[in-house]
Amino acid sequence: MITEMGMTDKQWKGWLRRLKRDLEELKENKDEEKRQKKLDQMLEDIQQDLED
């Protein structure tokens, strides 16, 4: 039997807060190398969330 677990409203808002914080940090950073590193990290985090 497969049980699918959903995300609570609080968990969803926490995930959105993390994403918003990361995007704001990315927007403020003017160093292209650091921006790329942060973007790669964000994409990796999102991929991990999708696989969990």
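The shown structure was predicted, so the numbers you read here are calculated from the model rather than taken from an experiment. Going along each chain's sequence as written, the residues are numbered from 1 onward. In keeping with the predicted nature of the model, local features appear solely for residues at pLDDT of at least 70, side-chain atom pairs appear and are counted solely at 80 or more, and the whole-chain, interface and lining totals rest on all residues. Remark: hydrogens and water are excluded; side-chain values derive from all non-hydrogen atoms of the structure.

Caption draft 1: Representation of the side chain of Lys38. Strands are runs of DSSP state E lasting at least 2 residues, helices are runs of H or I lasting at least 4, and numbering of each runs from the N terminus. Structurally, the position occupied by Lys38 is in helix α2 (residues 32-51). Three exposure classes are used, based on accessible area relative to the maximum for each residue type with a 1.4 Å probe and protein chains only: buried under 20%, partly exposed in between, and exposed over 50%. Lys38 sits in the buried class, given a relative accessible area of 13%. Discounting residues that sit within four places of it in the chain, Lys38 has contacts with Asp22, Glu25 and Leu26. The contact definition used throughout considers only heavy atoms, calling two residues in contact when any of these lie within 4.5 Å.

Caption draft 2: Inspection of the pattern of salt bridges at higher detail. Between Lys or Arg on one side and Asp or Glu on the other, a salt bridge is scored when a side-chain nitrogen of the former is within 4 Å of a carboxyl oxygen of the latter. Applying the stated rule across the entire model yields seven salt bridges. Linking Asp49 and Arg18 is a salt bridge whose minimum nitrogen-to-oxygen distance equals 2.7 Å. With Asp49 in helix α2 and Arg18 in helix α1 (residues 9-28), this pair connects stretches of sequence that are 31 residues apart. Residue Glu32 pairs with Arg35 through a salt bridge whose shortest N-O separation is 3.8 Å. In this pair, Glu32 and Arg35 both sit in helix α2, three residues apart, roughly one turn of the helix. Taking relative accessible area as the criterion, Arg35 reaches 29% and is therefore assigned partly exposed. Linked through salt bridges whose partners overlap, the residues forming this network are Arg21, Asp22, Glu25 and Lys38.

Caption draft 3: Expanded view of the side chain of Asp22. Locating Asp22 in the fold gives a position in helix α1. Separated by 3.2 Å, the side chains of Asp22 and Lys38 make a polar contact. Not counting the four nearest positions on each side in its chain, Asp22 is found in contact with Lys38 and Met42. A 3.5 Å cut-off defines polar contacts: any pair of N or O atoms within that distance qualifies, except that in protein one atom must be a possible hydrogen donor and the other a possible acceptor, and neighbouring residues in sequence count only when both atoms are side-chain atoms.

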